[in-house]
Amino acid sequence: MKTIGYTTGVYDLFHIGHLNLLKRAKLECDYLIVGVTTDELSESRKGKRPIIPFVERMEIVEHIRFVDEVVPQTSMDKMEAWRNLQFHKMFVGDDWKGTEKWNRLERDFDKVGVEIVYFPYTKHTSSTKLRALIDKLMKSRECKT
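The structure presented is a predicted model; accordingly, all values stated were derived computationally and were not measured. (Residues numbered from 1 in each chain as written. Predicted model: local features only at pLDDT ≥ 70, side-chain atom pairs only at ≥ 80, totals over all residues. Heavy atoms only, no water.)

1. Considerations on the packing of aromatic side chains
The geometry of an aromatic ring pair comes down to the distance between the two centres and the angle between the two planes. Quick note on the threshold: To pair, rings of Phe, Tyr and Trp, with the six-membered ring standing in for Trp, must have centres within 6.5 Å; the planes then decide the type, stacked if under 30 degrees apart, edge-to-face if over 60, and tilted in the middle. Under the scheme used here, helices are H or I runs from DSSP no shorter than 4 residues and strands are E runs no shorter than 2 residues, and both carry numbers assigned from the N terminus. Burial here depends on accessible area, computed with a 1.4 Å probe over protein chains only, as a share of the maximum for the residue type. Under 20% is buried, over 50% is exposed, and the range in between is partly exposed. By definition, being over a ring means that NZ of Lys or CZ of Arg is both within 6 Å of the ring centre and within 35 degrees of the ring normal.
Tallied over the full model, the rule gives four aromatic pairs. For the pair Y6 and F87, a centre-to-centre distance of 4.7 Å together with 20° between the ring planes defines the contact as stacked. Here Y6, found in strand β1 (residues 4-9), pairs with F87, found in the loop between α4 (78-85) and β4 (89-93); they are 81 residues apart in sequence, far enough to count as distant. For the residue pair Y6 and F87, the accessibility class agrees, reading buried in each case. Among the aromatic residues, those joined into a ring-pair cluster are Y6, F87 and F109. Here the basic side chain of K101 rests over the ring of W96, its NZ or CZ set 6.0 Å away from the ring centre.

Spelled out as structure tokens, the structure:
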């Protein structure tokens, strides 16, 4: 039986942490599906639009050799994603391990035979840090003009 894996992300300001997660996920499955968060979902969750537009982020992720299929993530409901995609493993950063949300997801996924695999979070690089740096540079520029 072919093992299907699934992971999601905004993938804004694509960096080595994103690449490492996708590479490690592909080592754990035969077929990797990646959900890319839409601009609207990202904005509703985080209060800001991604810097890189959704269509461009989809194209970037589609061209990563470890990725077999890319789908839009329009909802945060992981069980709905499972019902639509029927994956066997879900990959996520270990910064979520032990949280109430992911403990509940572990129990729900266990009932349908899905394993959640946690990968180490890349602490030295993140889209949040990159965005903060860009914001700081933009503010510095505005002060000079």
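2. Overview of the nonpolar core
What counts is decided by this rule: Take the buried residues of types Ala, Val, Leu, Ile, Met, Phe, Trp, Tyr and Cys, join any two whose side-chain atoms come within 4.5 Å, and each joined set is a nonpolar core. Pairs of residues are marked as contacts when any of their non-hydrogen atoms sit within 4.5 Å.
L22, V34 and V36 are the most contacted members of the largest nonpolar core, which has 18 residues in total. Listing elements by their share of this core, those giving two or more residues are α1 (16-27), β2 (31-37), α3 (54-62) and β5 (115-119). When near neighbours in sequence (up to four residues on either side) are disregarded, V36 contacts G9, V10, Y11, F54, R57, M58, V61, V70, V71, P72 and Q73. By size, the runner-up hydrophobic cluster in this structure holds 17 residues, among which are I33, A81, L105 and Y118.

3. Some words on the sheet that holds strand β3 (residues 69-73)
Two modes of strand pairing occur in sheets, parallel and antiparallel, and in both the strands are linked by backbone hydrogen bonds. How we decide: Between any two strands, pairing holds if DSSP finds at least two bridges. To obtain an axis, a line is fitted to C-alpha atoms, over the contacting stretch when the element is a helix, and the angle between two such axes runs from 0 to 180 degrees between their N-to-C directions.
If you trace the five strands from one edge of the open sheet to the other, you get β3-β2-β1-β4-β5, paired in parallel fashion. Edge positions in the sheet fall to β3 and β5, since each has one partner strand and no second. Adjacent strand axes in the sheet meet at a mean angle of 25° when their direction is disregarded. Pairing between β4 and β5: five bridges, direction parallel. Bridging from a neighbouring strand, V92 pairs with Y118 of β5. Here α3 sits on the sheet and contacts β2 and β3; the angle it forms with β2, its principal contact strand, is near 165°.

4. Observations regarding the environment of P50
As for its position among the elements, P50 is in the loop between α2 (39-46) and α3. Counting along the chain gives 11 residues from P50 to D39, while the straight-line C-alpha distance between them is 6.3 Å.

5. A word on the side chain of K89
Put simply, the rule is: Under the rule applied, a polar contact is a pair of N or O atoms within 3.5 Å (in protein, one hydrogen donor and one hydrogen acceptor; residues adjacent in sequence only if both atoms are side-chain atoms).
Take K89: it is sitting in strand β4. Within the structure, K89 has its side chain in polar contact with the side chain of E28 (distance 3.2 Å). Once residues lying within four places of it in the same chain are set aside, the contact partners of K89 are T3, I4, G5, Y6, E28, V114, E115 and V117.

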